[in-house]
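# What the coordinates show
Listed below, chain by chain, are the residues.
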Amino acid sequence: MKPITIALIALIVVATLGLTQVVFTVDQTERAIVLELGRPVGDVALEPGLHFKLPVVQNVVFFDSRILDFDARPEEITTADKKYMNVDSYTKWRIYDPLTFYTKVRSVQGAQARLDDIIRSQLRVAVGRYTLIEVVSHKRLEIMTAVTERSRELLRPYGIEVVDVRIKRTDLPPENARAIYGRMKAERERQARQYRSEGREASARIIAEADKQRAIILADAEKEAEIVRGDGDAQATAIYAEALGKAPDFYDFMRSLEAYRKSFGDNTRFIMTPESQFLRHMR
């Protein structure tokens, strides 16, 4: 290989390496700042596109310009009615001023530490204004709005914009949960005893009313039966009297035959004289 060719190749390699040390690109999802000996160069961050820097003495730091997530650890917070609850929250945030961000917190890890401190304190303040029932029912939106606005105000000087703070979950500490479940169980048992007592009372009233109606029905039926029997006896007596009036001898004869039929059964013995009045129709 000729010396001229080797020199040309070496020149191309050196130029390429030099170009990579001078030219860099910023992606659409990023912002960047140029540092010279550790100090930021310029007053604003670099937008997406092609940029240049001095080799060796300058370097580039890139920051994600998209919305980021910060999932905080659950924290035990006291409510206005002195109840303890575990609050689990997360935060949506972004780096809106990379230059200030780098100067104040340096990195995402530093920003998350600052987010954790400020948002936890604001959650304690906001939740502490309401009772336990209000926090878990209808005041959650107000709490999240207040925490978001106050945290955004406090974190703006760090180049951080808080987009939203949300409460994922609220739980009772284990000891509080056991106490509340115990009270709930006792209340349900009290209601069950009350319902059983009311049921027994209603059952006794129904049974007493049924017994009363039964006694009334039986009394009315017995009254009707006595009336019917009385009417029957009266009609029978009238018939007997009428029959006796029309043919007294025949009536006496038929009554005697009926008495004979009922009296002279199997293995029936009578001891009487032939002149007995009972046997007058046998003669």
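Residues numbered from 1 in each chain as written. Predicted model: local features only at pLDDT ≥ 70, side-chain atom pairs only at ≥ 80, totals over all residues. Heavy atoms only, no water.

Note the threshold: UniProt positions are given in the numbering used here, feature names are shortened, and annotations may be inferred rather than shown by experiment.
Per an unreviewed UniProt entry, the protein goes by Protein HflC and derives from Pseudodesulfovibrio alkaliphilus. According to the UniProt record, the Sequence similarities (unreviewed entry) comment for the protein reads "Belongs to the band 7/mec-2 family. HflC subfamily." Among the UniProt annotations of the protein, the heading Function (unreviewed entry) holds the following wording: "HflC and HflK could regulate a protease."

### As for the sheet that holds strand β3 (residues 39-46)
What counts is decided by this rule: Two strands qualify as a pair provided that DSSP identifies no fewer than 2 bridges between them. The secondary structure listing takes helices from DSSP runs of H or I that are at least 4 residues long and strands from runs of E that are at least 2 residues long, numbered from the N terminus. To obtain an axis, a line is fitted to C-alpha atoms, over the contacting stretch when the element is a helix, and the angle between two such axes runs from 0 to 180 degrees between their N-to-C directions.
Strand order in this open sheet of three strands is β3-β2-β5, and the pairing throughout is antiparallel. Edge positions in the sheet fall to β3 and β5 (58-64), since each of these pairs with one other strand and no more. The sheet shows a mean angle of 25° between the axes of neighbouring strands, taken without regard to direction. Where strand β2 (residues 30-36) lies against β5, seven bridges are found, and the strand directions are antiparallel. Looking at the pairing, Arg31 lines up with Phe63 of β5.

### What to know about unusual backbone geometry
Let me state the cut-off plainly: Throughout, exposure labels follow a simple rule: accessible area from a 1.4 Å probe, protein chains only, divided by the maximum for the residue type, with under 20% read as buried, over 50% as exposed, and the rest as partly exposed.
The backbone of Leu37 shows a phi angle near 55°, a positive value even though the residue is not glycine. With respect to the element layout, Leu37 can be found in the loop between β2 and β3. The phi dihedral of Lys82 falls on the positive side, at around 65°, and the residue is not glycine. With respect to the element layout, Lys82 can be found in the loop between β7 (75-78) and β8 (84-95). For Lys82, a relative accessible area of 66% gives the class exposed.

### Here's the deal with the packing of helix α3 (residues 108-127) against helix α5 (residues 140-155)
Threshold: Here the angle decides the label: under 35 degrees means roughly parallel, over 145 means roughly antiparallel, 65 to 115 means roughly perpendicular, and every other value means oblique. Put simply, a crossing is left-handed when the front helix is turned counterclockwise from the back one by less than a right angle, and right-handed when it is turned clockwise. For this analysis, residues touch if any pair of their heavy atoms sits within 4.5 Å. Residues are sorted three ways: Asp, Glu, Lys and Arg are charged, Ala, Val, Leu, Ile, Met, Phe, Trp, Tyr, Cys and Pro are nonpolar, and all the rest, Gly among them, are polar.
The geometry of α3 relative to α5 is characterised by a closest axis approach of 9 Å and an angle of 140° between their N-to-C directions. Regarding the angle of α3 to α5, the classification is oblique. The element α3 and its partner α5 pack so that their crossing is right-handed. Counting all contacts with α3, which are made through Arg114, Leu115, Ile118, Ile119, Gln122, Leu123, Ala126 and Val127, the residues of α5 involved are Ile143, Val147, Arg150, Ser151, Leu154 and Leu155. The residue makeup of the contact of α3 with α5, split by class, is ten nonpolar, two polar and two charged.

### Some details on the packing of aromatic side chains
For the record, the criterion: Between the rings of Phe, Tyr and Trp (Trp by its six-membered ring), a pair exists once the centres lie within 6.5 Å; its type follows the angle of the planes, with under 30 degrees stacked, over 60 edge-to-face, and the other angles tilted.
Scanning the entire structure with this criterion turns up four aromatic pairs. Ring centres of Phe24 and Phe62 lie 6.4 Å apart, and the angle between their planes is 80°; this geometry places the pair in the edge-to-face category. One end of the pair, Phe24, is in strand β1 (residues 23-26); the other, Phe62, is in strand β5, with 38 residues separating them in the sequence. With 5.6 Å between their ring centres and 80° between their planes, Phe63 and Phe101 make a pair best called edge-to-face.

### With respect to the pattern of salt bridges
Note the following rule: Note on definitions: salt bridges are taken to be side-chain nitrogens of Lys or Arg within 4 Å of carboxyl oxygens of Asp or Glu.
Within this structure, the stated rule accounts for 17 salt bridges. Across the salt bridge formed by Glu75 and Arg124, the nearest N and O atoms sit 2.3 Å from each other. Taken as a pair, Glu75 in strand β7 and Arg124 in helix α3 lie far apart in primary sequence, 49 residues in all. Of the charged contacts, one joins Asp171 and Arg169 as a salt bridge, the two residues approaching to 2.8 Å between their closest N and O atoms. Classification of Asp171 by relative accessible area gives partly exposed; the value is 30%.

### Describing a nonpolar patch on the surface
Just so we agree on the cut-off: To count toward a patch, a residue needs a relative accessible area over 30% and no salt bridge; like charges are then connected within 9 Å, while nonpolar side chains (Val, Leu, Ile, Met, Phe, Trp, Tyr) are connected within 5 Å. Note on areas: Shrake-Rupley, 1.4 Å probe, and residue coverage restricted to the protein chains presented here.
Taken together, the side chains of Leu37, Leu54, Val56 and Val57 define a hydrophobic patch exposed on the protein surface, amounting to about 430 Å² of accessible area. Checked against the element boundaries, Val57 lands in the loop between β4 (49-52) and β5. Of the residues examined, Val57 reaches a relative accessible area of 33% and is grouped as partly exposed.

### Observations regarding α3
To be explicit about the condition: For a helix, the expected span equals 1.5 Å multiplied by the number of residues minus one.
Taking 1.5 Å of rise per residue, 20 residues should cover 28 Å, and α3 covers 27 Å from first to last C-alpha, within 8% of that figure. Along α3, the residues that are buried comprise Ala111, Leu115, Asp116, Ile118, Ile119, Arg120, Gln122, Leu123, Ala126 and Val127.

### Digging into α5
Note that an α-helix has 3.6 residues per turn; residues three or four places apart therefore point the same way. Rules: Summarising the geometry, the arc corresponds to the directions from the helix axis toward the C-beta atoms.
In this model, α5 (16 residues) spans 22 Å end to end at C-alpha, consistent with the 22 Å of a helix rising 1.5 Å per residue. Turning to α5, its buried residues number three or more, namely Ile143, Met144, Val147, Thr148, Ser151 and Leu155. The buried residues of α5 occupy one face: seen down the axis, they fall within an arc of 130°. In α5, the exposed positions that point more than 90 degrees away from the buried face belong to Leu141, Glu149 and Glu153. Along its buried surface, α5 packs onto α3, α4 (132-136) and β9 (160-171).

### Regarding the side chain of Arg120
Structurally, the position occupied by Arg120 is in helix α3. Taking the relative accessible area as the measure of exposure, Arg120 reaches 12% and is therefore buried. Setting aside its immediate chain neighbours within four residues, Arg120 contacts Arg73, Pro74, Glu75 and Leu115.

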